[in-house]
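# Coordinate analysis (summary)
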Amino acid sequence: MTDDRPRGRALIELDRVEKRFDEVAALKGVSGSIMEGEFFSLLGPSGCGKTTLLRLIAGFDEPTRGAIAIDGKPMAGVPANLRPTNMVFQSYAIFPHLDVAQNVAYGLRRLRLGREETARRVEEALGMVDLAGYGKRAAHALSGGQRQRVALARALVMRPRVLLLDEPLSALDKKLREQMQVELRRLQRAVGITFILVTHDQEEALIMSDRIAVMFDGEIAQLASPETLYRRPVDRRVASFIGVMNFFDARVTGESAGLIELDVAGLGPVAIPPEQAPGGRNAAGTTVGIRPEMLTLLFSDTERAEHEVSGEVVDAVYYGDMTYYDLKLPGTERPATVSMRNTAGRPVLRPGDPARVGWGRESVILLA
Amino acid sequence: MSRADAGAMPARPSGIRRLLRGEAAQGLVLVSPTFLYALLLLAAPLTLVLLISFWTQDYLELDRTFTTANYAEAWSDPLYRLLMGRSLVISGVVTLTTVLLAYPIAYFVAFHVERNKALWIFLITIPFWTSYLLRVFLWKVILGYNGVLNSALLGLGLVDQPLTFLLYNANAVVITLAHAWAPFAILPIYVALAKIDRSLLEAAEDLGDGPLRRFWRVTLPLSMPGVIAAALIVFIPTVGDYVTPRLVGGTDGLMIANMIQVQFGKANNAPLGAALAVSAMAIVAAISLVFLWLNRRFTRGGG
């Protein structure tokens, strides 16, 4: 388990930030700190307020209530053009009447660096995004991926304290997107600028971020490292939004020696330490979650696990390297998903086959 | 014809039949009424005017021997040169005034009207509900010696005598035309402004531009196609306008079209009138081409 405490100095501080559009509350009081040099993601389904929060940080909108500070300075009333932030827009917003070099140099004009220094910085920024020599290209002659890189270079050339990225990869095809995820991560490490990424793609957020704020309905549900979000989600929404999660109905039966005693439908009784209830716990009816890879199929009689339960294969989906099984377990309606690596000699079961499932108590998460 | 069409057809039909069945032929049939209309009502009269301009008036007859004497006279006579020059200047000033006045209105509707945009556009067309002649006479009432404006200025004690530079000169022509053509200028500029992606404006702001600088560097260049379209729409017809100068222009405000009318009418010299008309048309065409070239420079982007 990684240390989840933010490291270094807070660059952006959000203090109970609220935003209302007419009568609709887009943000309902968001607080938190974003650290200097960190790759931070705002993750959530559409309409959760993540883009609204990004626009408040950029200065395109003002919060209805609450305060935002960047580098210790309160940002209330500071317009976007005077903030130490730059944005990569979802549509890229490449100026159609300017060529690539003029687009990248757009923000430098105001700094009056002189022709040579401007050209040098533009070329350097274009080199950073692998577009060296593209300066004279017209904006409309660029592909989607190139436009994205120009937008990135145009923002990075300003050397901002914070780079804001509004779903920058959503318009790219899968292959290019995966390539850009790695490149963005590498670029962020190289320049050391704080990146704030807005995305609805949980995989993208997990791959790229140091820390992620998962948002639902205008609130941060959980702010943690990717590993913590995956292993210790605080509630059902976070657990199902990130990765695949099996949910089981459960009952808290007692507490002894610092352990929470549970009776889980389909799996039986188990006792877990309080760390495995990151969202706290309700007294009576509750839910536990177990990731598909935390459940194991026991193929031979000699294989043993801490806890075992017998069931039947309902469905098997073969992915080549992995097989995903849906299992019917006694005492629960909902089938449980188990993922198994297809190692040498391991059989692939068919629907209707009996199956023995093993699991350990450390894989059980009690969800609030 | 596309390959798919050719494949669907039975073994080689005759040329005519193939032509009639093709998409191109269907298109031609579709546009033929309009094409015929254009041919009869635009091309034919224009050709006639062009022909007449090379002939000579011989009392009631037209001498059909080819001559360029009319053009020599049209381009050398100081009076015609003065009228042509004045037409271009008046038209240019009208265009400039109209576009400058139309731009803020178009900008306001495009960026600051949240609801009922359609209603605003509708309101802009209200002047068209009355005839043009009525509107010209209203300007006479407003600008006249005992007109609304002078009465108001006298009443307020701002002037001792009625102002005489308001009516029956080039100023009156400019004011009347600028008012009449404003809606034609507002609409194309509005369309160009409404089309601008709002994220481009935010990007400019994000990169350090205040509102004024952003306007100069992004909004204005991106709306130039609309501005140029507006300029063309106003400039081309106003050069040849003769109603407005006739009614409010006095003698100082007369334009080339008034002279063309005189040549075809009282002066009974249709060939000279035709030569003046063709010359004016050529000059307008040349200026329009410059506008179009400017437009292409703005829309092409980069370079």
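Note that the structure is predicted; figures quoted are calculated from it, not measured. (Residues numbered from 1 in each chain as written. Chains lettered and ligands numbered in written order. Predicted model: local features only at pLDDT ≥ 70, side-chain atom pairs only at ≥ 80, totals over all residues. Heavy atoms only, no water.)

### A look at empty space enclosed by the protein
With the rule as written, the count across this model stands at two cavities of 30 Å³ or more. Taken as a whole, the largest cavity spans an internal volume of roughly 40 Å³. In this structure, the largest cavity is lined by Met128, Val129, Arg149, Leu152, Met180, Glu183, Leu184, Arg186 and Leu187 of chain A. Where the lining of the largest cavity is concerned, the elements lending two or more residues are helix H4 (144–156) and helix H5 (174–191) of chain A. It is H5 of chain A that contributes the most residues to the lining of the largest cavity, five residues altogether. Across the lining of the largest cavity, the residue classes break down as six nonpolar, no polar and three charged. By volume, the second largest cavity amounts to about 30 Å³. Around the second largest cavity, the lining residues are Met87, Phe89, Ala151, Arg154 and Ala155 of chain A together with Ala203, Asp206 and Leu207 of chain B. (1 Å grid on protein atoms, 1.4 Å probe; cavity = no way out; pocket = protein on both sides within 12 Å on 5 of 7 lines; lining within 4 Å. Points joined across faces, edges and corners; volume = space filled by probe spheres on them. Helix = DSSP H or I, 4+ residues; strand = E, 2+ residues; numbered from the N terminus. Nonpolar A, V, L, I, M, F, W, Y, C, P; charged D, E, K, R; others polar.)

### Regarding the interface of chain B and chain A
In this complex, chain B contributes 22 residues to the contact, which on the side of chain A involves 26 residues. Of the roughly 2100 Å² buried where chain B meets chain A, counting both sides, 53% is carbon and sulfur surface. Three residues, Asp206, Leu207 and Arg217 of chain B, lead the burial of chain B against chain A; their summed loss comes to 35% of the area buried on that side. Inspection of the chain B/chain A interface yields one salt bridge. For Glu202 of chain B, the salt bridge is made with Arg55 of chain A, and the minimal N-O distance between the two is 2.6 Å. Linking chain B with chain A are 10 residue pairs in polar contact (both at pLDDT 80 or more). Listing elements by their share of the side of chain B that touches chain A, those giving two or more residues are helix H10 (198–206), helix H11 (211–239) and helix H14 (270–300) of chain B. Per element, the largest residue contribution to the side of chain B that touches chain A is seven residues, and it comes from H10 of chain B. By residue class, the composition of the side of chain B that touches chain A is eight nonpolar, six polar and eight charged. (Contact = heavy atoms within 4.5 Å. Buried area = accessible area lost by both parts, 1.4 Å probe. Salt bridge = Lys/Arg side-chain N within 4 Å of Asp/Glu carboxyl O. Polar contact = N/O pair within 3.5 Å; in protein donor to acceptor, adjacent residues only side chain to side chain.)

### Notes on the confidence of the model for chain B
Here chain B averages 88 in pLDDT, while 92% of its residues score no lower than 70. Confidence over residues 1–10 of chain B falls short of pLDDT 50; this stretch has eight contacts with residues more than four positions distant or in other chains. (pLDDT = per-residue confidence, 0-100.)

### Examining the pairing of strand E7 (residues 162–166) of chain A
Residues and elements named next belong to chain A. The buried fraction of E7 amounts to five of the five residues, a majority that puts the element mostly inside the structure. Side chains Val162, Leu164 and Asp166 of E7 all project onto a buried face; the interleaved residues Leu163 and Leu165 project onto the opposite face, where all are buried too. Note: E7 against strand E8 (residues 194–199), five bridges, orientation parallel. Within E8, the residue paired with Leu163 across the bridge is Phe195. (Buried < 20%, exposed > 50% of the residue type's maximum accessible area, 1.4 Å probe, protein only. Pairing = 2+ DSSP bridges.)

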